[in-house]
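# Summary of the model geometry
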Amino acid sequence: METILSPEKKELICIGCPLGCNVAVELEDGQITAITGNTCPRGADYVRKELTDPKRIVTSLVRVKGGELAVVPVKTVSDIPKGQVMDCIRELKAVELNAPVSMGDVAVKNVCGTGVDVVVTANVEKGTSCIEE
Amino acid sequence: MGSACKVHGWVERMRVDLVIIGGGPAGLAAAIAAREAGIENLVILERDARLGGILNQCIHNGFGLHTFKEELTGPEYAGRYIEKVREMKIPYRLDTIVIDLGETQEDCADHGEEAGRVNGESGGRRSAAEGVREQSRGGRARKLVTAMSRKDGLYTIEAEAVILAMGCRERPRGALNIPGYRPAGIYSAGTAQRYVNMEGRMPGREVVILGSGDIGLIMARRMTLEGAKVKLVAELMPYSGGLKRNIVQCLDDYGIPLRLRTTVVNIKGKERVEAVVVAKVDENSRPIPGTEEEIPCDTLLLSCGLIPENELSGKLGLAMNPATNGPLVNESLETGVPGVFACGNVLHVHDLVDYVSEEAAQAGRKAASYLQGNLPKPQEEIPVRVGKGVRYTVPGAVDVRRMGETQLIRFRVDNVYRDKNLEVCLNGKPVSSRRKRMLAPGEMEQVVLRKADLEGVLDLREISLQIVD
Ligand SMILES: Cc1cc2nc3c(=O)[nH]c(=O)nc-3n(C[C@H](O)[C@H](O)[C@H](O)COP(=O)(O)OP(=O)(O)OC[C@H]3O[C@@H](n4cnc5c(N)ncnc54)[C@H](O)[C@@H]3O)c2cc1C
Ligand code: SF4
């Protein structure tokens, strides 16, 4: 969570551990000048990354043709910029794989130009899914 | 073995050393550990069409950080164990539901003296200690596991030992007590998760979620990514039961509001949900009149907690822990019936699967020791009592002779505590104290007991945990 207190001050909850410290950050011209409220150094690292380069691993589903299940779960191999999460989801909606698919198969190469591949995270054998579309 | 045998009945029974009920992460880890400890003749029974349990529908990442030092999704985490089970050629039967659990009652020529009449007071509740006393009278009772599958019909397996690994299920919505009609569009969060993640179906487009446990939070993000509008997550308590990480990454990332001390007081719509009415609650969780707000939506997801799946444990007459809804177990994760062990969510609800696997591996090793005659009968079980601030502990009793050099006690606290001490007492006297910056009911905690400490106390009668200033 990012609470904007003034253009130069923000507050974030660190997710590094259950303590969940409220970490306050002071900025000048977009540069971090002070970090307070964190109990340990991990809190500082976390807010620095969240403010300058927030990233997320994306998990979702893609459709499968001719499989025992109609969909298969996928994930980005590493985290991608937070701002591109929705674009990534949109790109995945257009994908359809053919059964069988196995864990680790690449579903999309270089998703949204991030340089990160999307891989399948479960096995789906050939068969008929019991879901009629 | 013939039809005249009362124990065997008319059918020839399959006989195994160890039956594991449930093929989720707990059952898989237990099976692997038992095989590694030398148990050859074992079988996993799973009612679903695939191994992996609830993890198959948990497609988000965040599993296995402790065990594998990487963030896996649910199916990937399960996949590692399934692969190992296949590699080790551990037999498993899918689409097979266990419907009854009992013990051998009567002797027959084939069983000889060994199958003494053990379950004397049938239906009675027995503590671990009582069970053991009975065991020392008779021989070792075999367990009768009755299973059913479309392929094989109804059959009974006779086992020397059983590991319960049936996981948990969601609290039914009837228990929620929301007045109004029961229109379509109300789902438990886990059911919705299954629809979306395994069947690729969307339960609705405009969603309100009641309960901020992890499943509710995860589903808020999932439904948003699938194109739904999640309008609100309402939480009765003044704090969320979910992980901080999930609040930040599942709600805040998508601007989904979380309202604490809020509940659903009415559901509108006859055929299909059209709106829900939420209201603030007071300290006693009663809705405050005048704070009602109507929120249009077509779907209400209920994420109101999990309860261990213990119908089978009831059939064996196991003594249960009312705080966990799981069976009472001793340091070896052995229930009140000798040779019956429990692990994973059927024992107590876990939030981290890593701890499920760890606990289950211990159950597997202990079951192996039992089968190999290396687990001495419990003689003196020292109860582990809950003191101030502690809701439950697992195990609930420790036999010092049977424990290892150290013994892990897992527990949960009953409220949010900051800067308190966790104290371990022996016979009421504090023996160790650890400063805790933060304790919350949503996070399972653990403390290690040392055998030397326990042995050092003359006439040890009780171990207890408490939270003090
Ligand atoms: C929605 C959700 C999200 C979660 N998110 C995380 C997370 O992000 N990170 C994390 O570390 N942990 C997470 N967990 C926790 C973790 O997944 C569970 O603690 C773990 O799956 C429990 O394992 P289990 O084997 O005890 O139970 P389960 O996985 O439920 O497996 C029990 C198995 O037993 C079978 N069974 C039950 N009764 C019978 C019967 N009578 N006969 C035959 N078979 C039977 C069931 O079909 C099932 O396959 C999450 C859990 C849920 C529900
Ligand atoms: S700053 Fe350190 S102590 Fe505070 S939440 Fe983050 S990791 Fe935990």
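This one's a predicted model, so the numbers in the text were calculated from it and none came from an experiment.

### Some points on the pattern of salt bridges
Within this structure, the stated rule accounts for 39 salt bridges over all chains. Between R437 of chain B and D419 of chain B there is a salt bridge whose closest N-O contact spans 3.9 Å. Of the two residues, R437 of chain B sits in strand β27 (residues 429–439) while D419 of chain B sits in strand β26 (residues 417–426), which places them 18 residues apart along the sequence. A relative accessible area of 37% places D419 of chain B in the partly exposed class. Overlapping salt bridges bring together E50, R56 and K82 of chain A together with D253 of chain B as one network.

### Describing the nonpolar core
Counting 66 residues, the largest nonpolar core has L18, V19, I21, L45, V145, V162 and L164 of chain B as its most contacted members. Ranked by the residues each element gives to this core, the list is headed by helix α9 (residues 353–371) of chain B, at eight residues. Counting residues in hydrophobic clusters, the runner-up holds 25 residues, among them L92, A99 and V101 of chain A together with L225 of chain B.

### Points about the site of ligand 1
All names here are of chain B. Near ligand 1, the surroundings consist of 32 residues, among which A26, E46, I54, N345 and V353 are the closest. Note that an oxygen atom of ligand 1 is positioned 3.0 Å from one of the side-chain N or O atoms of H60. Interatomic distance of 2.8 Å between a backbone N/O atom of V353 and an oxygen atom of ligand 1. Protein coverage of the free-state accessible area of ligand 1, which is 1,000 Å², stands at 93%. At the level of secondary structure, the elements contributing two or more residues to the shell around ligand 1 comprise α1 (25–36), β3 (61–63), β6 (96–103) and α9. Here the shell around ligand 1 takes three residues from β6, the largest share from any one element. Grouping the amino acids of the shell around ligand 1 by side-chain chemistry returns 17 nonpolar, 12 polar and three charged.

### Examining the sheet that holds strand β28 (residues 445–450) of chain B
All names here are of chain B. Taken together, three strands build an open sheet; the order of strands is β23-β25-β28 and the sheet is antiparallel. In this open sheet, the two edge strands, each paired with only one partner strand, are β23 (390–394) and β28. Taking each pair of neighbouring strands and ignoring which way they run, the sheet shows an average axis angle of 30°. Packing of α9 onto the sheet brings it into contact with β25 (406–413) and β28, and relative to β25 it is tilted by some 140°.

### Let's talk about empty space enclosed by the protein
The tally for this structure, following the rule as stated, stands at four cavities of 30 Å³ or more. The calculated volume of the largest cavity comes to roughly 70 Å³. L69, V71, V72, P73, A122, N123 and V124 of chain A together with R50, N56, P75, N197 and M198 of chain B are the residues that line the largest cavity. Only β7 (71–76) of chain A together with α5 (189–199) of chain B provide two or more residues apiece to the lining of the largest cavity. Of the residues forming the lining of the largest cavity, the biggest block, three residues, is contributed by β7 of chain A. Split by residue class, the lining of the largest cavity holds eight nonpolar, three polar and one charged. By volume, the second largest cavity is sized at about 50 Å³. Together, N321, T324, P327, L328, V329, L347, T393, V394, P395 and G396 of chain B line the second largest cavity. Residue composition of the lining of the second largest cavity, by class: six nonpolar, four polar and no charged.

### Digging into the sheet that holds strand β14 (residues 262–268) of chain B
Across a sheet, strands are paired by hydrogen bonds formed along the backbone, either parallel or antiparallel in direction. Residues and elements named next belong to chain B. What the three strands build is an open sheet, ordered β14-β15-β16; its pairing is antiparallel. Each edge of the open sheet is held by one strand with a lone partner, namely β14 and β16 (293–296). Averaged over all adjacent pairs, the angle separating strand axes in this sheet is 30°, with direction ignored. For strand β15 (residues 275–280) and β16, the ladder comprises four bridges, and the chain directions are antiparallel. Residue pairing for β16: V278 is matched across the bridge by E293.

### A few points about the domain arrangement of chain A
Structurally, chain A comprises domain 1 (8–52) and domain 2 (59–120). Relative placement of domain 1 of chain A and domain 2 of chain A: their C-alpha centres are 32 Å apart.

Calculation rules
Residues numbered from 1 in each chain as written. Chains lettered and ligands numbered in written order. Predicted model: local features only at pLDDT ≥ 70, side-chain atom pairs only at ≥ 80, totals over all residues. Heavy atoms only, no water. Salt bridge = Lys/Arg side-chain N within 4 Å of Asp/Glu carboxyl O. Helix = DSSP H or I, 4+ residues; strand = E, 2+ residues; numbered from the N terminus. Buried < 20%, exposed > 50% of the residue type's maximum accessible area, 1.4 Å probe, protein only. Core = buried A, V, L, I, M, F, W, Y, C linked by side-chain atoms within 4.5 Å. Near = heavy atom within 4 Å. Polar contact = N/O pair within 3.5 Å; in protein donor to acceptor, adjacent residues only side chain to side chain. Areas by Shrake-Rupley, 256 points an atom, 1.4 Å probe, with all protein chains shown as cover. Nonpolar A, V, L, I, M, F, W, Y, C, P; charged D, E, K, R; others polar. Pairing = 2+ DSSP bridges. Axes fitted to C-alpha atoms, helices over the stretch in contact; angles between N-to-C directions. Contact = heavy atoms within 4.5 Å. 1 Å grid on protein atoms, 1.4 Å probe; cavity = no way out; pocket = protein on both sides within 12 Å on 5 of 7 lines; lining within 4 Å. Points joined across faces, edges and corners; volume = space filled by probe spheres on them. Domains from an automatic or database assignment.

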